[in-house]
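As a plain string of letters, each chain reads:
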Amino acid sequence: MAPPRCRDLPAPELYPTSDGWAPPALPANTDLQAYREELEAWPKKTLVKRFILLRLWAMEAVSKPELLEEHRYSLSCIPLTPWSRCSGVGDERGWLVWVYYMPDDERRVLSSFEASGVRLAARERMAVDPDSPDEDEQIMMSFPQQTHHVSAWEHELLMEGEGPRE
């Protein structure tokens, strides 16, 4: 089932009062609704994604803003804890990275990663669901420019039957 769109939801009330007053720092509810409708009217890009585990040196190489714009790809990245599998301290730190791009730009993206020493072409290519509930994916599909999303939370990779370190 597709997630509800803004037009399917009841009108949001940021600051519900009987007279409709809101603090000046907050947008009025009608302004917020108009903004959401404007965002939904933007055309969405058709994207594909590939997942790869990277070390810090490779992550720094492929996440330069000028490379993202020049080669037309976006990133969604999650850092791993130093004690996690596939991670370490300093340059050995691991990252979970999803690379998003339009299918027409595939050759350009793959050659850019290859030039950075990352074999992205060996990873499985998956289509991005246009109705994805992932906010980062919705942003990437909607915005014309490339984006780089980095999680504020570190994660730990565990194998089946393993528990987190204490």
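This section reports on the structure supplied with the text. In this text, all values refer to a predicted model and were calculated from it rather than measured experimentally.

Focus: unusual backbone geometry
Moving on, step 1. In this structure, Arg72 takes a positive phi of about 60 degrees despite not being glycine.
Moving on, step 2. Note that Arg72 resides in the loop between helix H3 (65–71) and strand E2 (73–79).
Moving on, step 3. Even without a glycine there, the phi angle at Cys86 is positive, about 60 degrees.
Moving on, step 4. The topology assignment puts Cys86 in the loop between E2 and strand E3 (94–101).
Moving on, step 5. The exposure class of Cys86 is partly exposed, given its relative accessible area of 41%.

Some words on the pattern of salt bridges
Moving on, step 1. Within the structure shown, the criterion is met by 7 salt bridges.
Moving on, step 2. Among the salt bridges present, the one from Glu106 reaches Arg50, with a minimum N-O distance of 2.6 Å. A residue pair is termed long-range when its members are at least 10 positions apart, and Glu106 in helix H4 (residues 106–115) and Arg50 in strand E1 (residues 48–55) qualify at 56 residues. Arg50 carries the same exposure label as Glu106, and that label is buried.

Quick look at helix H5 (residues 135–142)
Moving on, step 1. Among the residues of H5, those classed as buried are Glu137, Gln138, Met140, Met141 and Ser142.
Moving on, step 2. In the core, the buried residues of H5 are packed alongside E1, E2, E3 and strand E5 (148–150).

Here we look at the packing of aromatic side chains
Moving on, step 1. Counted under the stated rule, the structure contains 3 aromatic pairs.
Moving on, step 2. When the ring of Trp42 is compared with that of Phe143, the centres are 5.5 Å apart and the planes differ by 65 degrees; the resulting orientation is edge-to-face. One end of the pair, Trp42, is in the loop between helix H1 (29–41) and E1; the other, Phe143, is in the loop between H5 and E5, and 101 residues separate them in sequence.
Moving on, step 3. Overall, the relative accessible area of 24% leaves Phe143 in the partly exposed class.

The rules behind these values
Residues numbered from 1 in each chain as written. Predicted model: local features only at pLDDT ≥ 70, side-chain atom pairs only at ≥ 80, totals over all residues. Heavy atoms only, no water. Helix = DSSP H or I, 4+ residues; strand = E, 2+ residues; numbered from the N terminus. Buried < 20%, exposed > 50% of the residue type's maximum accessible area, 1.4 Å probe, protein only. Salt bridge = Lys/Arg side-chain N within 4 Å of Asp/Glu carboxyl O. Contact = heavy atoms within 4.5 Å. Phe/Tyr/Trp six-rings, centres within 6.5 Å; stacked < 30°, edge-to-face > 60°.

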